[in-house]
Amino acid sequence: MADPGMSVAPYWELTFDADGDPDGAERDRLLGEIGGHGLRDLIVFAHGWNNDRSGATRLYRRFFAPVPKLAPKARIGYAGVIWPSMRFCDEPIPDFPKSVVATEAEEAQAPVLDKDTRHALLETFPGRATVVDQIARMLDQRPANELEEFGRLVRVLVEVLPGGPQPLFAADTLAEGVPQSEPVLFSGDITSLCEEFAAALAALRGSGAAAGFTVPNPWDGAKELLRQATYYAMKRRAGTVGERGLGRVIGQLAAAAPDLRVHLVGHSFGGRLVSFALRGLPEGVRTVKSVTLLQGAFSHYAFAARLPHDPRAGGVLQGQQNRIDGPLVCCYSHFDESLGTLYPLASRMADDCESALGEDVVRMLGARWGAMGYDGVQEVPGTRSLDLAAALRGPLAAPGCVNVDAAAVVKRGGPPSGAHSDIVHPELARVVLAAGHIA
């Protein structure tokens with residue numbers, strides 16, 4: 001389908017709702033048109049925490065732009081997945097314009113939750129306008145002795161009730177059926193949690209609290225508690241959209257165009273989405289020829305058969321890489337501060353570490369609750385490890401997991417997310433082509 005605003009053609013979009021149901025007209029258009037272009041390959045990209053179609057489409061336009069010149073003889077089609085995620089507007093994205101350009105004086109007087117972030121929260125959690133307003137007011141006023149009430153409102157916002165069953169909690173690490181602890185993010189002492197987030201943010205910004213000069217104000221970490229809680233909801237949603245939505249559509253593509261080779265690409269939670277799509281593939285479908293994860297925001301043990309801290313348990317996606325008729329390539333960077341510090345701190349499921357955020361504690365959290373996009377796939381036998389230069393010499397078409405250290409290009413960005421969204425580079429487009437053996 002031609003799109004005058006897109007950098008490549010043919011290009012289609014696939015929109016899914018929070019339950020994984022596709023836009024029927026878009027899906028039918030793709031299935032009806034895919035056979036008429038003489039394509040050999042289809043690259044399907046799923047965004048991370050962009051909060052609207054325009055932001056996701058801008059990402060696809062820029063990422064896909066160099067591909068035709070990199071593979072001039074290839075017959076490639078492109079599809080962009082649109083799913084209901086959101087992004088906090090204070091997270092810098094390299095080379096992307098800010099929605100509002102403000103002076104330092106204006107920023108100092110601005111509300112903690114800017115209007116764009118509030119709008120994104122309302123779109124992401126419909127019917128919660130009163131809760132969002134209360135959260136925004138508390139973040140601005142910082143009322144004494146009300147952090148526990150703030151935490152209760154955050155739990156209500158993301159539909160997680162303390163002390164109750166957690167069917168909505170998206171476990172990244174443990175396989176289904178394995179007993180899981182209630183995440184401390186939703187069950188622990190809110191003041192202590194906010195203090196930990198405040199200390200982590202101070203460390204990322206290099207301010208005095210990290211150096212031991214001052215005790216951080218727990219309200220300094222309250223917005224991060226909100227951010228991470230909404231991210232749990234987005235991770236949960238990404239898995240649902242991947243398994244119930246995209247996986248099924250790929251099965252339909254296999255029936256409509258049996259010779260088409262599909263290559264899945266996912267950034268951040270989009271990496272979780274395309275990985276869970278493997279679980280949703282119909283039996284016997286071998287259409288997916290490669291999966292490339294760009295700063296994947298889910299557990300580095302997700303594909304593990306056994307966990308090093310619990311050999312009786314495996315990852316939630318154990319063995320799913322075998323459903324790819326080619327490699328699973330995981331690009332990661334130690335410059336991703338969001339995944340290196342905040343993700344493991346928020347992802348622990350039991351209160352089994354000290355509150356102080358010393359280097360040893362951060363290292364322990366990262367080892368147990370680390371993310372794909374920070375240090376790659378872990379505990380999968382036979383996983384290959386390459387630097388970016390070696391990966392670009394490709395191809396990478398052999399089956400199995402491949403970790404690619406992309407820190408040579410994924411390195412720009414400021415707190416709190418670091419280089420998490422610094423993925424628009426021709427080198428990473430070349431990795432996608434090498435993974436798919438696209439000439």
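Residues numbered from 1 in each chain as written. Predicted model: local features only at pLDDT ≥ 70, side-chain atom pairs only at ≥ 80, totals over all residues. Heavy atoms only, no water.

- As annotated in an unreviewed UniProt entry, the protein carries the name Serine-threonine protein kinase and comes from Streptomyces sp. 900105755.

**Let's talk about the overall build of the protein**
Logical step 1: Helix and strand counts for the protein come out as 17 helices and 8 strands.
Logical step 2: By element, 51% of the accessible surface of the protein is carried by carbon and sulfur atoms, the whole surface being about 17,700 Å². (Helix = DSSP H or I, 4+ residues; strand = E, 2+ residues; numbered from the N terminus. Areas by Shrake-Rupley, 256 points an atom, 1.4 Å probe, with all protein chains shown as cover.)

**A short note on the side chain of H263**
Logical step 1: Looking at where H263 falls in the secondary structure, it is placed in strand β4 (residues 261-267).
Logical step 2: Residue class for H263 comes out buried when judged on its relative accessible area of 0%.
Logical step 3: Side chain to side chain, H263 and D41 meet in a polar contact 2.7 Å long.
Logical step 4: Leaving out residues up to four positions away in the same chain, H263 has contacts with D41, L42, I43, V44, K289, S290, G436 and I438. (Buried < 20%, exposed > 50% of the residue type's maximum accessible area, 1.4 Å probe, protein only. Polar contact = N/O pair within 3.5 Å; in protein donor to acceptor, adjacent residues only side chain to side chain. Contact = heavy atoms within 4.5 Å.)

**Points about the environment of R58**
Logical step 1: Mapped onto the secondary structure, R58 falls in helix α2 (residues 53-64).
Logical step 2: Taking the C-alpha atoms as reference points, R58 and M6, separated by 52 residues in sequence, lie 8.3 Å from one another.

**So, the sheet that holds strand β7 (residues 384-387)**
Logical step 1: Ordered by their spatial adjacency, 8 strands build an open sheet running β1-β3-β2-β4-β5-β6-β8-β7, and the pairing between neighbours is parallel. Of all the strands in the sheet, just β1 (11-15) and β7 have a single pairing partner and so form its edges. On average, adjacent strands in this sheet sit at an angle of 20° to one another, irrespective of strand direction.
Logical step 2: Here 4 bridges tie β7 to strand β8 (residues 400-405), and the two strands are oriented parallel to one another. When the bridges of β8 are listed, D387 appears paired with D405. (Pairing = 2+ DSSP bridges. Axes fitted to C-alpha atoms, helices over the stretch in contact; angles between N-to-C directions.)

**Quick look at the side chain of T124**
Logical step 1: Tracing the sequence through the fold places T124 in helix α5 (residues 115-124).
Logical step 2: Of note is the side chain of T124, whose polar atom sits 2.7 Å from the backbone oxygen of A120.

**As for the pairing of β4**
Logical step 1: When you tally the buried positions in β4, you get 7 out of 7 residues, the bulk of the element.
Logical step 2: Going residue by residue along β4, you find R261, H263, V265 and H267 tucked away on one face and V262, L264 and G266 tucked away on the opposite face as well.
Logical step 3: As judged from the 6 bridges shared by strand β2 (residues 41-46) and β4, these two strands associate in the parallel manner. Looking across to β4, one finds that I43 is bridged to H263.

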